[in-house]
Amino acid sequence: MGNTADYKLVRNSTVGAELHESEARTLAEILGVRHLKDGELLVSEGGADQTLFILASGKLAVISHDTEGKETFVYTMKEGECAGTRAFVDRVPRKATLRALDNATVYTLTPDAFESLLDLHPHLVYKVMRALFRVTHANLSRMNQESQELTNYIHKTQGRY
């Protein structure tokens, strides 16, 4: 993979699912490209970076830290998934660490670059924001389901293993 985002990969990502070919090409033009080696850190929990990440190839580990600083593996991102929606939209510190598993290529989108599309490509911006909402909603739904399953387990076993 080169240093230019592939619009086909963008279109096949969770962010680009609604985009027409021309819109995917426009978005790809403003994306950065990062090539990561196995184990390389992309972003740290608590960091101020507000970039949205789209995994173009490889895998990324999503890691959180407890109050004592111990790492906890949360999820393995797959190609086409995005990360950093909260930091990107709300411009707040990161809630997780992202680290490459094997070699990976990540497309990057900064809030400023994205906002540069507003005047000339408002429908593109709208479609991407809808996609980010869908990603956030899916994550929230998954978390609610897991919380409900944990609550059911605790009530059925009275908290015993």
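Above this text is the structure in question.
Before going into details, it helps to say that this report is about the structure given with it.

## Concerning a nonpolar patch on the surface
Item 1. Taken together, L150, Y153 and I154 make up a surface patch of nonpolar side chains, about 290 Å² in accessible area.
Item 2. Look at Y153 and you get partly exposed, because its relative accessible area is 39%.

## With respect to the packing of aromatic side chains
Item 1. This model, assessed by the stated rule, comprises one aromatic pair.
Item 2. Taken together, a centroid distance of 5.6 Å and an interplanar angle of 55° make the contact between F88 and F114 tilted. With F88 in helix α3 (residues 85-90) and F114 in helix α4 (residues 111-115), the pair connects residues that are 26 residues apart, well separated along the chain. Both residues of the pair, F88 and F114, count as buried.
Item 3. Sitting over the face of the ring of Y7, R25 holds its NZ or CZ atom 3.9 Å from the ring centroid.

## Comments concerning the pattern of salt bridges
Item 1. Within the structure shown, the criterion is met by eight salt bridges.
Item 2. Here the residues in one salt-bridge network are E18, R130 and R134, joined through shared partners.

Calculation criteria
- Residues numbered from 1 in each chain as written.
- Predicted model: local features only at pLDDT ≥ 70, side-chain atom pairs only at ≥ 80, totals over all residues.
- Heavy atoms only, no water.
- Patch = residues over 30% accessible without salt bridge, like charges linked within 9 Å, V, L, I, M, F, W, Y side chains within 5 Å.
- Areas by Shrake-Rupley, 256 points an atom, 1.4 Å probe, with all protein chains shown as cover.
- Salt bridge = Lys/Arg side-chain N within 4 Å of Asp/Glu carboxyl O.
- Buried < 20%, exposed > 50% of the residue type's maximum accessible area, 1.4 Å probe, protein only.
- Phe/Tyr/Trp six-rings, centres within 6.5 Å; stacked < 30°, edge-to-face > 60°.
- Helix = DSSP H or I, 4+ residues; strand = E, 2+ residues; numbered from the N terminus.
- Lys NZ or Arg CZ within 6 Å of the ring centre and 35° of its normal.

None of this, on its own, says anything about what the molecule does.
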